[in-house]
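These are the residues of each chain, in order.
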Amino acid sequence: MVALNSAQSAAEGSTLRVDGVSKAFRGADGVSTRTFALDNVSLSVAAGELISIVGPSGCGKSTLLRLIAGLDSPNSGELRVGSEVITAPNAERGLVFQDPNLFPWLTVRRNIEIGLVARGLLREKRHEVDEFMRLVGLEAFANAFPHHLSGGMAQRVALARALINHPKLLLLDEPLGALDAFTRMRMQDEVLRLWRARQTTMVLVTHDIDEAIYMSDRIVIMSPRPGRIERVIVVELDRPRHRNSPEFLNLRGEILELLHFAGAATA
Amino acid sequence: MSQELAVQPRIPISAEREQIELPASSRVPAKILLSVPVAIILALIVHWFSAKNEPENETRLYNLFLGEMFGASLLIAYLQRFSAGLREWMKETCPIIGVAILFLAILEIITAGLRWMPLLPMPYFPSPAGVLQSMINDRELLFDSTWHSLALLLGGYTLGVTIGLITGICIGWFPLARYWGMPVLKVVGPIPATAWIPLAMIVSPSAMFSAIGLIALAVWFPVTMLTASGISNTRASYLDVARTLGASRSYLIFRVAIPAAMPNIFLGLFMGLGASFLTLIVAETIGVKSGLGWYVTWAQGWAEYGKVYAALVIMAAFFSSIMSVLFKVRDHVLVWQKGVIKW
């Protein structure tokens, strides 16, 4: 209910278009060698859609997310949110990292307020801070410092902190990767609840294939060196999804096959 | 109802209090409780034996001093029954105070008691009683000197910290400032501030100004160095997070980089404070005609070593109080670190 109140308009999400984007980094050994983290990647995400990006490490998932956030700029190609070209970070594109990256010198409450303070909106939107703390179930820890929180709680604060700006696009870089299996599953439901309530467009980078199937509308599978999109799989299971249904397990097998992890190592 | 209440037997409050047994862990053990009074009695005995050939008034004053300490220790030993905080404090500090008083007694044996075998030649090593006497006799000048030192120290320290923070933040944040500032910092910074004294004496209109300038210079280097390194080592991910939340550059500097650098900045403030003490005393010894540093040289000139030691005692109290003020400020500002690191 709380989430719906603060969402106001039904759809907060916006479309995302990634057009022929390449990004190269200097090699670690010398100046001349360049490694392509991303090579001509194109992708479009509909408003309110939740897509996952999976792939082995080094396939450029996080690089792509940083480009979408505007923290880096591509060597070629273009990224657009709605009709706007992405050139710099913006409060409309929230990013949650694997490490919650809470500011240790601020209390939980002040951490959640960062977005409002940074944009000079704290005075008029102070009431939302309480709303978001309730939304992630942390009102009792408002005055605690981050090192008193467990991993799951810290990540919930990070989520609330990103959501308080009402981002049109929420980028999640393995946000649940560091949590234990049980907390992770609970947090997956929580993220889904937030997504449904706020209709935010979400891009989720993950290592966890089950998580990708459980959560997303589409799964983008990437391959490394150079980072490319290998395949995009539409997940056509009804929500809420059942982690043990035969369809779920079939899809899981298919993706493992694609990533060459199905079994019986051939190398 | 009311009758029932009235019938209840009244227990006298004092009797009730006696029945409450303090848990064993919260009681102060007798040997700690008595450590200070016993140490004082020992010191009095030592004094009684060793002070026979000392001046009368010194003896009286020292007796008075030890006597007051004795009274205070007994009073606190009694008061601790009513205050848990006081009990904790006693457990913590009584052994230290007791040993400090024993140290005074040993000092007295060496200086005054064994005068017949010249262990320590007389004018240079007065007994604790003599030092106490000098301190009381010259209290006005000592107070005045302390006051002057404080003014000089605060002036120089504040100036140095202000400039140091500004240059440190600039060098830490702006690449251009870093490129041009770092070499200057690395070449000029390590020169001890006192080495500039000849130049300071020529350039500055008065000894006071040159002393403040020198102290500021001594403080400036560590504060700048540590602030700059703290700012430039701000975790990149903190800055990334702030930028995706809509932070402007001033937010990034003042609300992310500076708080993140605070632990480092305080390290610089502490190092700067140490450097400022040293520079203060040297500057006062050489140019300024007031302050504790000047007092020590002046008293030495008159071979009044009692006064020299009296000034040293006051310096110890003075500097350590200033240091603990900075510790308090640190505890307040870095309260978020509590439990993260060991202080």
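Residues numbered from 1 in each chain as written. Chains lettered and ligands numbered in written order. Predicted model: local features only at pLDDT ≥ 70, side-chain atom pairs only at ≥ 80, totals over all residues. Heavy atoms only, no water.

Asker: Looking at this structure, I do not really get the overall build of chain A. What am I missing?
Answerer: For chain A, the count of helices and strands is eight helices and ten strands. Per-residue burial for chain A yields a buried fraction of 54% across its 267 residues. A separation threshold of at least 6 residues defines the contact pool for chain A, and within that pool the share at least 24 residues apart is 70%. Roughly 12,200 Å² of accessible area belongs to chain A as shown, and the carbon and sulfur atoms make up 50% of that amount. (Helix = DSSP H or I, 4+ residues; strand = E, 2+ residues; numbered from the N terminus. Buried < 20%, exposed > 50% of the residue type's maximum accessible area, 1.4 Å probe, protein only. Contact = heavy atoms within 4.5 Å. Areas by Shrake-Rupley, 256 points an atom, 1.4 Å probe, with all protein chains shown as cover.)

Asker: How should the packing of aromatic side chains be read in this particular structure?
Answerer: The geometry of an aromatic ring pair comes down to the distance between the two centres and the angle between the two planes. A complete count under the given rule lists 14 aromatic pairs over all chains for this structure. Ring plane angle 20 degrees and centroid distance 5.7 Å describe the contact between Trp294(B) and Trp298(B), whose orientation is recorded as stacked. Of the two residues, Trp294(B) and Trp298(B) both sit in helix H13 (residues 292–301), four residues apart, roughly one turn of that helix. A network of ring pairs unites the aromatic residues Phe103(A), Trp105(A), Tyr238(B) and Trp336(B) as a single cluster. For the cation-ring pair, Arg243(A) lies above Tyr214(A), with the distance from its terminal atom to the ring centre recorded as 3.7 Å. (Phe/Tyr/Trp six-rings, centres within 6.5 Å; stacked < 30°, edge-to-face > 60°. Lys NZ or Arg CZ within 6 Å of the ring centre and 35° of its normal.)

Asker: Help me out: how do you make sense of the environment of Leu179(A) in this one?
Answerer: Residue and element names in this part refer to chain A. In this fold, Leu-179 is placed in the loop between strand E7 (169–173) and helix H6 (181–198). On the basis of relative accessible area, Leu-179 is assigned to the buried category, the value being 11%. Residues Leu-179 and Gln-155 lie 24 residues apart in sequence; the distance between their C-alpha atoms is 9.0 Å. Residues contacting Leu-179, with those up to four places away along its chain left out, are Gly-151, Gly-152, Arg-184 and Met-187.

Asker: Got a minute to help me understand the pairing of E7(A) in this structure?
Answerer: Each regular strand displays side chains that alternate between the two surfaces of the sheet. Residues and elements named next belong to chain A. By the criterion of burial, E7 is predominantly enclosed, with five of the five residues buried. Along E7, one buried face is formed by Leu-169, Leu-171 and Asp-173 and the opposite face, lined by Leu-170 and Leu-172, is buried too. Bridge analysis of strand E6 (residues 93–96) against E7 gives four bridges, and the strand direction is parallel. Within the sheet, the bridge partner assigned to Val-96 lies in E7 and is Leu-172. In terms of strand pairing, E7 meets strand E8 (residues 201–205) through five bridges, oriented parallel. If you follow Leu-171 over to E8, its bridge partner there is Val-203. Handedness of the E7-H6-E8 crossover: right-handed. (Pairing = 2+ DSSP bridges. Right-handed = clockwise from strand over helix to strand, strands pointing away.)

Asker: Hey, could you run me through empty space enclosed by the protein in this one?
Answerer: Residues and elements named next belong to chain A. Across all of its chains, the model carries one cavity of 30 Å³ or more by this definition. Taken as a whole, the largest cavity holds about 40 Å³ of empty space. Among the elements of the structure, E6 and helix H5 (151–163) are those that each provide at least two residues to the lining of the largest cavity. Sort the elements by how many residues they give to the lining of the largest cavity and H5 lands first, with three residues. Class assignment for the residues of the lining of the largest cavity results in eight nonpolar, no polar and one charged. (1 Å grid on protein atoms, 1.4 Å probe; cavity = no way out; pocket = protein on both sides within 12 Å on 5 of 7 lines; lining within 4 Å. Points joined across faces, edges and corners; volume = space filled by probe spheres on them. Nonpolar A, V, L, I, M, F, W, Y, C, P; charged D, E, K, R; others polar.)

Asker: How should I be thinking about the layout of surface pockets in this particular structure?
Answerer: Using a probe with the size of a water molecule, rolled over the atoms, empty space left in the structure can be pinpointed. Residue and element names in this part refer to chain B. In this model, the largest pocket occupies a volume close to 530 Å³. In terms of lining, the largest pocket is formed by 22 residues, of which the most central are Leu-104, Leu-107, Pro-128, Val-131 and Val-313. Per-element accounting of the lining of the largest pocket gives the leading share, seven residues, to helix H5 (residues 84–113). Within the lining of the largest pocket, the residues separate by chemical class into 20 nonpolar, two polar and no charged. Counting residues domain by domain, the lining of the largest pocket receives three or more from each of domain 1 (28–120) and domain 2 (139–337). (Domains from an automatic or database assignment.)

Asker: How should I be thinking about the sheet that holds strand E10 (residues 228–234) of chain A in this particular structure?
Answerer: By definition, the strands of a sheet pair up through backbone hydrogen bonds, in either a parallel or an antiparallel sense. Residue and element names in this part refer to chain A. Taken together, six strands build an open sheet; the order of strands is E6-E7-E8-E3-E9-E10 and the sheet is mixed. Either end of the sheet is taken by a strand with one partner, and the two such strands are E6 and E10. Geometrically, the sheet is characterised by an average inter-axis angle of 20 degrees between neighbouring strands, direction not taken into account. Helix H2 (residues 61–69) rests against strand E3 (50–54), E6, E7, E8 and strand E9 (218–223) of the sheet, and its axis sits at about 150 degrees to E7. Each of E9 and E10 touches helix H8 (residues 246–258); the most contacted strand, E10, lies at about 170 degrees to it. (Axes fitted to C-alpha atoms, helices over the stretch in contact; angles between N-to-C directions.)

Asker: I'm lost on the packing of H5(A) against H6(A) in this one. Help?
Answerer: Two quantities define a packed helix pair, namely the angle between the helix axes and the distance between the axes. Residues and elements named next belong to chain A. Relative to each other, H5 and H6 sit at 15 degrees, their axes nearing to 11 Å. Our classification of the angle between H5 and H6 gives roughly parallel. H5 and H6 meet at a crossing whose hand is right-handed. Counted together, Gly-152, Gln-155, Arg-156, Leu-159 and Leu-163 of H5 and Thr-183, Met-187, Glu-190, Val-191, Leu-194 and Arg-198 of H6 form the full contact between these two elements. Classifying every residue of the contact of H5 with H6 by side-chain character gives five nonpolar, three polar and three charged. (Parallel < 35°, antiparallel > 145°, perpendicular 65-115°, else oblique. Left-handed = near helix turned anticlockwise from the far one by under 90°.)

Asker: Got a minute to help me understand the interface of chain B and chain A in this structure?
Answerer: For interface size, the figure often reported is the accessible area lost on association. Each partner contributes to the interface: chain B provides 21 residues, whereas chain A provides 25 residues. It is Thr244(B), Leu245(B) and Trp336(B) that lose the most area in chain B upon contact with chain A, and together they represent 36% of the buried surface on that side. The interface formed by chain B and chain A includes two salt bridges. One salt bridge in this structure joins Asp99(A) and Arg235(B), with 3.2 Å as the shortest N-O distance. (Buried area = accessible area lost by both parts, 1.4 Å probe. Salt bridge = Lys/Arg side-chain N within 4 Å of Asp/Glu carboxyl O.)

Asker: What should I look at first to understand the pattern of salt bridges in this one?
Answerer: Side chains bearing opposite charge may pair, as long as their charged atoms lie close to each other. As enumerated under the stated definition, the model contains 20 salt bridges over all chains in all. Between Arg228(A) and Asp39(A) there is a salt bridge, with its nearest N and O atoms 3.0 Å apart. Within this pair, whereas Arg228(A) is found in strand E10, its partner Asp39(A) is found in strand E2 (residues 34–45), the two being separated by 189 residues in sequence. Residue Arg228(A) is classed as partly exposed on the basis of its relative accessible area, which comes to 42%. Residues participating in the shared-partner salt-bridge network are Arg66(A), Asp72(A), Asp240(B) and Arg243(B).

Asker: Is there a simple way to think about a nonpolar patch on the surface in this case?
Answerer: Residue and element names in this part refer to chain B. On the surface, Leu-34, Val-38, Ile-41, Leu-42, Ile-45, Trp-48, Phe-49 and Leu-102 cluster together to form a nonpolar patch covering roughly 770 Å² of accessible area. Of note, Val-38 is situated in helix H3 (residues 30–50). Taking relative accessible area as the criterion, Val-38 reaches 44% and is therefore assigned partly exposed. (Patch = residues over 30% accessible without salt bridge, like charges linked within 9 Å, V, L, I, M, F, W, Y side chains within 5 Å.)

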